[in-house]
Amino acid sequence: MHNFTALTRSLLTALLSCLFLTPTNAADRDPAEKPFTVTESYQQLADAMEPLQAWQATNKAEHQAWRKQFHPTVTRILGQMPERVPLEVKWAEKKEFDTFTRHKVFIRTEASYWAPVYYFVPHKLKKKVPAIVCMHGHSGIVPYIDEGKTKADKEKTRQSELDYAVYFAKHGYITAAIVMRGWNETAGDQDRGVSHTKRSCLQMTMNALLIGSTPQGQRSWDAMRVIDFLQTQDQVDPDCIAAAGLSGGGATAMYLPVLDDRVKLTMIAGAFSTYRASYYAMPHCLCQCMPEMMRFGEMSDVVALHAPRPVLLINGIEDKIFPIEAAREGYKKLQQVYQVLDAEENIDADFFQGGHRWSNNKSLDFLKQHFGE
Ligand SMILES: [Zn+2]
């Protein structure tokens, strides 16, 4: 009887520790024999964590009530925004291509910063057209505007379809490809171990966090000022502004519409998954770290703040750094969000065969569907 009770108790304990994933081994294990790593420690912390403001509405009123809670959380996490200064634009360069003109402009986004922007305007526009703010990832602006110098660079642009700003301009859209803050001519201290592009993510993250801001908050702010500029342009339809980004730029495309309602449609590529399965689980650039975010919600919750505005999620199913299973789960949740808001047609996914790159499988149709021909 005694043995049976002891056995039952130990079985129960084992079962409970599995169920609740409590770090029972932390008590049982001799740390001198097998030291505890931060990896297992953080994993257990995350396992025990339920996001405090995850979306779980069942009707529109509950959605609005949830939004009222979570929206201020995300804007707070994105950090202090710069002081708004009057819009100033310096037109620096103009280059003619077969179907569009490419300008380079500098837009003053705050007192101490001018964002360089490649501004693409298709020839012979007969009416106002939608404009797309395009945001690049960690390779910097060069491959994204197809200005790579070597054959290998050009091949990378083509294979990964990085030149979506050019592609959309060729298809009649006005596009603005921002040199994201911390890259190329805006770089300061070069990131250690990075040689393929000029980049200062580490310096930027350290400085931004110390002054109460975040790289994603500041990059979103620049994009907002670019939208200010776009809305002054005669050929831009001010009610049809879209955002598009890949990787780090895809993450900005995820945060920007939270801050700016003028973004009416968003294409997020190579960035949507879960914090837990991507940034938390493997090495990523520090600039993507959103302090505290996992305490409150997941990426699907952030994108739920866009709803009911149209969102296209673009993910290569072989993208190792934004695992597809987590992306699929997030997409499923977003379908519920849009269903509750009677806007199911506004959420779509292009989960294609391929790796960490852009895809135009659905982009043009998605734009036409929501902005018209
Ligand atoms: Zn970075």
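Values in this document were obtained by computation on a predicted structure and should not be read as measured data.

Definitions and limits used
- Residues numbered from 1 in each chain as written.
- Predicted model: local features only at pLDDT ≥ 70, side-chain atom pairs only at ≥ 80, totals over all residues.
- Helix = DSSP H or I, 4+ residues; strand = E, 2+ residues; numbered from the N terminus.
- Rg over C-alpha atoms; globule rule 2.2 N^0.38 Å.
- Contact = placed C-beta atoms within 7 Å.
- Domains from an automatic or database assignment.
- Expected span 1.5 Å × (residues − 1).
- Buried ≥ 20, exposed ≤ 12 C-beta atoms within 10 Å, placed from the backbone.
- Core = buried A, V, L, I, M, F, W, Y, C linked by C-beta atoms within 7 Å.
- Arc of directions from axis to C-beta.
- Axes fitted to C-alpha atoms, helices over the stretch in contact; angles between N-to-C directions.
- Parallel < 35°, antiparallel > 145°, perpendicular 65-115°, else oblique.
- Left-handed = near helix turned anticlockwise from the far one by under 90°.
- Nonpolar A, V, L, I, M, F, W, Y, C, P; charged D, E, K, R; others polar.
- Pairing = 2+ DSSP bridges.

## Considering the overall build of the protein
For step 1, the next point in the chain: Summing up its helical and strand segments, the protein has 13 helices and 9 strands in all.
For step 2, the next point in the chain: Taken against the 2.2 N^0.38 rule, which gives 21 Å for 373 residues, the C-alpha radius of gyration of the protein at 23 Å falls within 12% of a compact globule.
For step 3, the next point in the chain: C-alpha atoms of the protein, sized along the principal axes, occupy 90 × 50 × 40 Å.
For step 4, the next point in the chain: Of all intrachain contacts in the protein linking residues separated by at least 6 positions in sequence, the fraction that spans at least 24 positions is 67%.

## Here we look at the domain arrangement of the protein
For step 1, the next point in the chain: Once the domains are mapped, the protein shows domain 1 (1-48) and domain 2 (89-371).
For step 2, the next point in the chain: The gap between the C-alpha centroids of domain 1 and domain 2 is 43 Å.

## Remarks on helix α9 (residues 248-259)
Residues lying three or four places apart along an α-helix face the same way, a consequence of the helix completing one turn every 3.6 residues.
For step 1, the next point in the chain: Taking 1.5 Å of rise per residue, the 12 residues of α9 would be expected to cover 16 Å, and the 17 Å separating its terminal C-alpha atoms lies within 8% of that figure.
For step 2, the next point in the chain: Most of α9 sits out of view: 10 of its 12 residues are buried.
For step 3, the next point in the chain: Burial in α9 covers these residues: G248, G249, G250, A251, T252, A253, M254, Y255, L256 and P257.
For step 4, the next point in the chain: Packed against the buried residues of α9 are α4 (60-78), β4 (129-135), α8 (215-230), β6 (236-246), β7 (263-269) and α11 (299-304).

## Focus: the nonpolar core
For step 1, the next point in the chain: With 89 residues, the main nonpolar core has A165, I178 and V226 as its most contacted residues.
For step 2, the next point in the chain: Core analysis: the second largest hydrophobic core is formed by 5 residues, C201, M204, A208 and C285 among them.

## With respect to the environment of Q235
For step 1, the next point in the chain: Along the chain, the position of Q235 falls in the loop between α8 and β6.
For step 2, the next point in the chain: With 114 residues separating them in the primary sequence, Q235 and V121 have C-alpha atoms 8.6 Å apart.
For step 3, the next point in the chain: The residues contacting Q235, other than those within four sequence positions of it, are V121, L125, K128, V129 and I174.

## Side note on the environment of R276
For step 1, the next point in the chain: Checked against the element boundaries, R276 lands in the loop between β7 and α10 (293-296).
For step 2, the next point in the chain: C-beta crowding within 10 Å serves as the criterion here: with 18 such atoms nearby, R276 is assigned to the partly exposed category.
For step 3, the next point in the chain: Sequence spacing of R276 and A343 is 67 residues, and the spatial spacing of their C-alpha atoms is 28 Å.
For step 4, the next point in the chain: Ignoring sequence-local partners within four residues, the contact set of R276 consists of A46, A281 and M294.

## Comments concerning helix α13 (residues 363-371)
For step 1, the next point in the chain: If you check which residues of α13 are buried, you get S363, F366 and L367. What you see down the axis of α13 is that its buried residues fit within an arc of 100°, all on one side.
For step 2, the next point in the chain: Tucked inside the fold, the buried residues of α13 contact β4, β6, β7, β8 (311-316) and β9 (347-352).
For step 3, the next point in the chain: At the exit of α13 stands G372, carrying a positive phi of roughly 85°.

## Things to note about the packing of α8 against α9
For step 1, the next point in the chain: One can describe the packing of α8 onto α9 by two numbers: an axis separation of 9 Å at closest approach and a directional angle of 65°. Regarding the angle of α8 to α9, the classification is roughly perpendicular. Crossing handedness for the pair α8 and α9: right-handed. On the side of α8, the interface is formed by Q216, R219, S220, A223 and M224, while α9 contributes A251, T252, Y255, L256 and L259.
For step 2, the next point in the chain: In terms of residue class, the contact of α8 with α9 is made up of 6 nonpolar, 3 polar and 1 charged.

## A word on the pairing of strand β1 (residues 89-96)
For step 1, the next point in the chain: In terms of burial, β1 is a largely surface element, 0 of the 8 residues being buried.
For step 2, the next point in the chain: Where β1 lies against strand β2 (residues 100-110), 7 bridges are found, and the strand directions are antiparallel. Across the sheet, the residue bridging to W91 is V105, located in β2.
For step 3, the next point in the chain: Counted along the chain from β1 to the antiparallel partner β2, the turn is 3 residues long.

## A short note on the environment of M81
For step 1, the next point in the chain: Positionally, M81 belongs in the loop between α4 and β1.
For step 2, the next point in the chain: With 15 C-beta atoms counted inside 10 Å, the residue M81 sits in the partly exposed group.
For step 3, the next point in the chain: For the pair M81 and S213, spaced 132 residues apart in sequence, the C-alpha to C-alpha distance is 6.8 Å.
For step 4, the next point in the chain: Excluding residues that lie within four positions of it along the chain, M81 makes contacts with G217 and W221.

## Concerning the pairing of strand β5 (residues 174-178)
For step 1, the next point in the chain: For β5, the tally of buried residues reaches 5 of 5 residues, placing the bulk of the element in the interior.
For step 2, the next point in the chain: The side-chain alternation of β5 yields two buried faces, one formed by I174, A176 and I178 and the other by T175 and A177.
For step 3, the next point in the chain: Bridging between strand β3 (residues 113-122) and β5 involves 4 bridges; their strand directions are antiparallel. Paired with Y118 across the two strands is A177, which belongs to β5.
For step 4, the next point in the chain: Where β4 and β5 come together, 5 bridges link them in parallel fashion. In the sheet register, V133 faces β5, and the bridge partner there is A176.

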